[in-house]
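Residues per chain, in single letters:
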Amino acid sequence: QVQVVESGGGLVQPGGSLRLSCVASGRIFNINVMAWYRQAQGKERELVATLNSIGKTTYADSVKGRFTISRDNARNTPSLQMNSLKPEDTAVYYCYLLDGINQYWGQGTQVTVSS
């Protein structure tokens, strides 16, 4: 059974940066889509960024120009570079993988942006 684990979250001041990473315990073949979602307290989970198998990326309007999703080739999982963080970016961030049949979610990593 594949398990997905995120890392890199933490407490950062407004304007700071964090880089989130994701590791899958087993091998997942033919990943079509990699993505990061987030869920703030009391709100629904929302899509932050996606990366498909041909390298196309999409971003939520709220993070465009500040966040960058990329592929960790060694792990075949997504990373998320977050710059110019704002208090409204505070949320639990989830790694998501789709191989066309199965969806894989991590347990989430907390990102808190506060002075």
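Our structure's up above, just so we're on the same page.
Only a predicted model underlies this, so the values are computations on that prediction, with no experimental measurement involved.

### Some remarks on the state of the cysteines
Thinking step 1. Under the definition given, this model contains one disulfide.
Thinking step 2. Shown here is the disulfide that connects Cys-22 with Cys-95, its sulfur atoms set 2.1 Å apart. Torsion about the S-S bond of the Cys-22 and Cys-95 cystine: about -80 degrees, corresponding to left-handed handedness. Separated by 73 residues along the polypeptide, Cys-22 in strand E3 (residues 18-24) and Cys-95 in strand E9 (residues 91-98) bring together distant segments of the chain.
Thinking step 3. On the accessibility criterion, Cys-22 (0% relative accessible area) is buried.

### Re the packing of aromatic side chains
Thinking step 1. Per the counting criterion, the structure on display carries four aromatic pairs.
Thinking step 2. In this arrangement the basic side chain of Arg-45 is found over the ring face of Trp-105, its NZ or CZ atom lying 4.7 Å from the centre.

### Structural notes on the pairing of strand E11 (residues 109-113)
Thinking step 1. Side-chain alternation along E11 places Thr-109, Val-111 and Val-113 on a buried face and Gln-110 and Thr-112 on a face that remains uncovered.
Thinking step 2. Pairing of strand E2 (residues 10-12) with E11 involves three bridges; the strand directions are parallel. The residue bridging Leu-11 from the neighbouring strand is Thr-112, located in E11.
Thinking step 3. Note that E9 and E11 share three bridges and pair antiparallel. Opposite Ala-91, over in E11, you have Val-111 as the bridge partner.

### A closer look at the nonpolar core
Thinking step 1. Core analysis: the largest hydrophobic core is formed by 26 residues, its most contacted members being Trp-36, Val-48, Phe-67, Leu-80, Met-82, Tyr-93 and Leu-97.
Thinking step 2. Elements with a minimum of two residues in this core: E3, strand E4 (33-39), strand E5 (46-52), strand E7 (67-72), strand E8 (77-82), E9 and E11.
Thinking step 3. When residues of this core are assigned to their parent elements, the largest contribution, four residues, is made by E9.
Thinking step 4. Discounting residues that sit within four places of it in the chain, Val-48 has contacts with Trp-36, Tyr-37, Arg-38, Thr-58, Tyr-59, Ala-60, Val-63, Phe-67, Leu-80 and Tyr-93.

The rules behind the values
- Residues numbered from 1 in each chain as written.
- Predicted model: local features only at pLDDT ≥ 70, side-chain atom pairs only at ≥ 80, totals over all residues.
- Heavy atoms only, no water.
- Disulfide = S-S within 2.5 Å.
- Helix = DSSP H or I, 4+ residues; strand = E, 2+ residues; numbered from the N terminus.
- Buried < 20%, exposed > 50% of the residue type's maximum accessible area, 1.4 Å probe, protein only.
- Phe/Tyr/Trp six-rings, centres within 6.5 Å; stacked < 30°, edge-to-face > 60°.
- Lys NZ or Arg CZ within 6 Å of the ring centre and 35° of its normal.
- Pairing = 2+ DSSP bridges.
- Core = buried A, V, L, I, M, F, W, Y, C linked by side-chain atoms within 4.5 Å.
- Contact = heavy atoms within 4.5 Å.

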